[in-house]
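# Descriptive analysis of the structure
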Amino acid sequence: MPLSKEEWLSLEKKANELRNLTLDTVHWCGSGHLGGGLSVLDLLTVLYYKYLNIDVKNPKWPERDRFILSKGHAAIAYAPVLCDKGFEDKELLHNFNLTNSKFGMHLDSNKVSGCDASTGSLGHGLSIAVGTALAARVLKKDYKTYCCLGDGECDEGSNWEAAMCASNYNLTNLISFVDRNHCMIDGPTEDVMKLEPFEDKWKAFGFETLVIDGNNINELCNAIDTALANKSDKPYMIIMDTVKGCGIDFMEGDYKWHYGSLDDEGYAKAKKALEETYKKRLARVEKEAK
Amino acid sequence: MGLSYTAVESTSLQTAEIYGQALVELGEKHPEVVALTADLAKSTKIGDFMKKFPDRFFNVGIAEANMFGVAAGMARAGLVPYLSTFSQFASFRSADQLHTDICYQNVNAKVIATHSGTSFGQAGSTHHAICDLALVRSIPNLTVICPADGIETYHAVMTSYDVPGPFYIRINRGFDQTLYTPELIKKIGYKFELGKAIEVNPGSDITVIAIGSCVYQAYEAAKYLEKTDGLKVRVLDMHTIKPIDKDAILKAITDTRRIITVEDHTIIGGLGGAVAEVIAEAGKGCAFKRLGHQDHFAPIGLHEDIMSIVGIDSNGIVNAVRETMKMDFEEDDDWSDEF
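Everything numeric in this text was worked out from a predicted model, so none of it was measured. (Residues numbered from 1 in each chain as written. Chains lettered and ligands numbered in written order. Predicted model: local features only at pLDDT ≥ 70, side-chain atom pairs only at ≥ 80, totals over all residues.)

### Topic: the pairing of strand S6 (residues 208–213) of chain A
Residue and element names in this part refer to chain A. Heads up, the condition is: When DSSP finds two or more bridges between a pair of strands, those strands are recorded as paired. The numbering of helices and of strands both runs from the N terminus, where a helix is a DSSP run of H or I of at least 4 residues and a strand a run of E of at least 2. Here, the term right-handed applies to a crossover whose path from the first strand over the helix to the second runs clockwise when the strands point away from the viewer.
The sheet contact formed by S6 and strand S7 (residues 236–241) spans 6 bridges and is parallel. Bridging from a neighbouring strand, Thr209 pairs with Met237 of S7. For the crossover that starts at S6, traverses helix H8 (residues 217–228) and ends in the parallel S7, the hand is right-handed.

What follows is the structure in structure tokens.
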């Protein structure tokens, strides 16, 4: 079902709030993985406010959908989402990354309610997601498993072990994403370690694939709907073409914003940029919504 | 105690076969038990489980790191995965996944590491696991067991189901000589308890602490030394490497003042390392010797030959005991001034 204008607007509003909360969190704690947090934030918004079948009051509900953020460093955006959903107290974001905080730079699933896996060491999440999806089969449960990888993370060989495994076991209950923001710590992905032809790789490993604009909420919803309606026996990989630092013009596309900090002036500038982004996003909805 | 395997059966079964049968027994009782391997179903003897529960058996191919992550995901969803591969790959090959996915997340997954030490001797150092304990022993939340024979392996596997959390159980390839014969079981009142060493032989002159197949060798050495040298050698089966039985070690220091450790593992960081840590913190002087691989890769060969070359067979232990007995202590034998 196509996304209604009303729902699209509501998701844009939420994404805007979460972008601001992510930026505020970086400001409170002094620094953070803003670039990769902002590039994946539209996906987090869409999953947590439209698709995931979860119960905030019962975070360990066995029937719940699972989400595994393999690119664990995007916790700077993920923690605000979990707090906004009500899994944790928003006040705790003021201590993000600080000594004895509940939220580290990479979330600890045994400490943070609503977080399904402790990730951070890259190349682990897809294997965990495969195990989660296989467990649904053994336990005869209908939950879906969603997993999001970073593109730089795909250099890790273990992802390709997991990809073979997902395909071997025909895990149609697993929907995976790559946040293809084209940047890693040391530079553009194609300069550091070439990933292209990226979609072909996933196809060759036995996935149904889609390549979409991962910072377009409508496209994200269409892609997830397509994956949920999957009639093939292959798992889905949605490659999200995204922009690192999405929403803050002076960070966008700059790999140096993988991790950074903002002084008060920079923070004010970034807040202003987010306002402009939100205006543009609303204009897009007006133009493109059916 | 639910001991389903007799010593007679254990002499005709490889240790891993007993593990395979124990796993089937667990599978029958507990529908959430699943088994995983990385192209080593035959070698690790979990074929029976595969035949009996094909929907609960997963061969992930030669991809150990993925297997550990998959197991972590399964465990978090409520299954109890038993992962089987060679010790070298269960530790070093998948170390980051064992550390982070299994132990940091503290999931209920059980690693059965086969072909440990030099028990796959002819395969060479790529397949010897003589450093695994040093690695896994350092990981928080992980219980580490090295059973002495097939009977003890059975108990360790069954116990691992009853106790939530990650386990690393290290067993040998092929046949292990049966230590726990019905006679010995009766004589010493054998009881497997996690974290509690078993006194296989009583003694007051010296204590030999051993793990895995070295316990049998230590027991043989003790019997021989009693006959030839009149020595009373205490033999402890330290099946649980972590948490280690500190009380048994402290008692050995007080009672015998001489301790030798024996393991099919490097002397660094395994049993010898663990016992050394306890002795060092005890504040009491003690003659101490670690038998094991002396910071060298092992030669290629039959397991029993390697054990002999390295000096962790009964002859090596006899020699080490005699050497250690020569070490002098203060004549007054009073410890109170040695703190």
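### Some words on the domain arrangement of chain B
Residue and element names in this part refer to chain B. Filter applied, for reference: For the domains described, the bounds stem from an automatic or database domain assignment. Contacts are defined on C-beta atoms placed from the backbone: any two residues whose C-beta positions lie within 7 Å are in contact. Polar here means any residue outside two lists: the nonpolar Ala, Val, Leu, Ile, Met, Phe, Trp, Tyr, Cys and Pro, and the charged Asp, Glu, Lys and Arg; Gly therefore counts as polar.
As far as domains go, chain B holds domain 1 (7–170) and domain 2 (195–325). Between domain 1 and domain 2, the contact holds 25 residues from the first and 25 residues from the second. Only helix H7 (132–136), strand S5 (143–145) and helix H8 (150–162) provide two or more residues apiece to the side of domain 1 that touches domain 2. In terms of residue count, the dominant contributor to the side of domain 1 that touches domain 2 is S5 (3 residues). Looking at the side of domain 1 that touches domain 2, its residues break down into 11 nonpolar, 10 polar and 4 charged.

### Observations regarding helix H14 (residues 314–325) of chain B
Residues and elements named next belong to chain B. Operational definition: Any helix carries an expected span of 1.5 Å times its number of residues minus one. With C-beta atoms placed from the backbone, a residue is buried if 20 or more other C-beta atoms are within 10 Å of its own, exposed if 12 or fewer are, and partly exposed between those counts. It is the directions from the helix axis to the C-beta atoms that the arc portrays.
End to end, H14 covers 16 Å across 12 residues, agreeing with the expected 16 Å (1.5 Å per residue, within 8%). Turning to H14, its buried residues number three or more, namely Ser314, Ile317, Val318, Ala320 and Val321. Here the buried residues of H14 occupy an arc of 165° about the axis, which is enough to place them on one side. Residues of H14 that are buried sit in contact with strand S8 (206–210), helix H10 (214–229), strand S9 (233–237), strand S11 (258–266) and strand S12 (287–293).

### Some details on the interface of chain A and chain B
Counting residues at the interface gives 22 residues for chain A, matched by 26 residues for chain B. For the side of chain A that touches chain B, the secondary-structure elements that each account for two or more residues are helix H4 (125–138) and helix H5 (157–168) of chain A. Of the residues in the side of chain A that touches chain B, the class split is 12 nonpolar, 9 polar and 1 charged.

### Focus: unusual backbone geometry
Residues Glu196 of chain A and Pro197 of chain A are joined by a peptide bond in cis, for which omega reads 0°. Relative to the helices and strands, Pro197 of chain A resides in the loop between helix H6 (189–192) and helix H7 (198–204). The amide bond that connects Lys242 of chain B to the next residue, Pro243 of chain B, takes the cis arrangement and shows omega of 0°. Summarising the element assignment, Pro243 of chain B is placed in the loop between strand S10 (240–242) and helix H11 (246–256). For Asn170 of chain A, which is not glycine, the phi torsion reads 50° and is therefore positive.

### Let's talk about the nonpolar core
In plain terms, the rule: By our criterion, buried Ala, Val, Leu, Ile, Met, Phe, Trp, Tyr and Cys residues that link up through C-beta atoms within 7 Å make up a nonpolar core.
Residues Val130 of chain A together with Ala71, Val208 and Ala218 of chain B are the most contacted members of the largest nonpolar core, which totals 185 residues. Per-element accounting of this core gives the leading share, 9 residues, to helix H2 (residues 34–51) of chain A. Here this core spans two domains, and each of domain 1 (7–170) and domain 2 (195–325) of chain B adds at least three residues to it. Ignoring any residue separated from it by four or fewer positions in sequence, one finds Val130 of chain A in contact with Ala162, Cys165, Ala166, Leu171 and Leu174 of chain A together with Val70 and Gly73 of chain B.

### A few points about the sheet that holds S9 of chain B
Residue and element names in this part refer to chain B. We apply this condition: The axes used here are C-alpha line fits, helices contributing only the stretch in contact, and every angle between their N-to-C directions lies in the interval 0 to 180 degrees.
Ordered by their spatial adjacency, 5 strands build an open sheet running S7-S9-S8-S11-S12, and the pairing between neighbours is mixed. A single partner strand is all that each edge strand has here, and the edge strands are strand S7 (198–201) and S12. Each neighbouring strand pair of the sheet contributes to a mean axis angle of 25°, computed without reference to strand direction. Direction of pairing for S7 relative to S9: antiparallel, over a ladder of 3 bridges.

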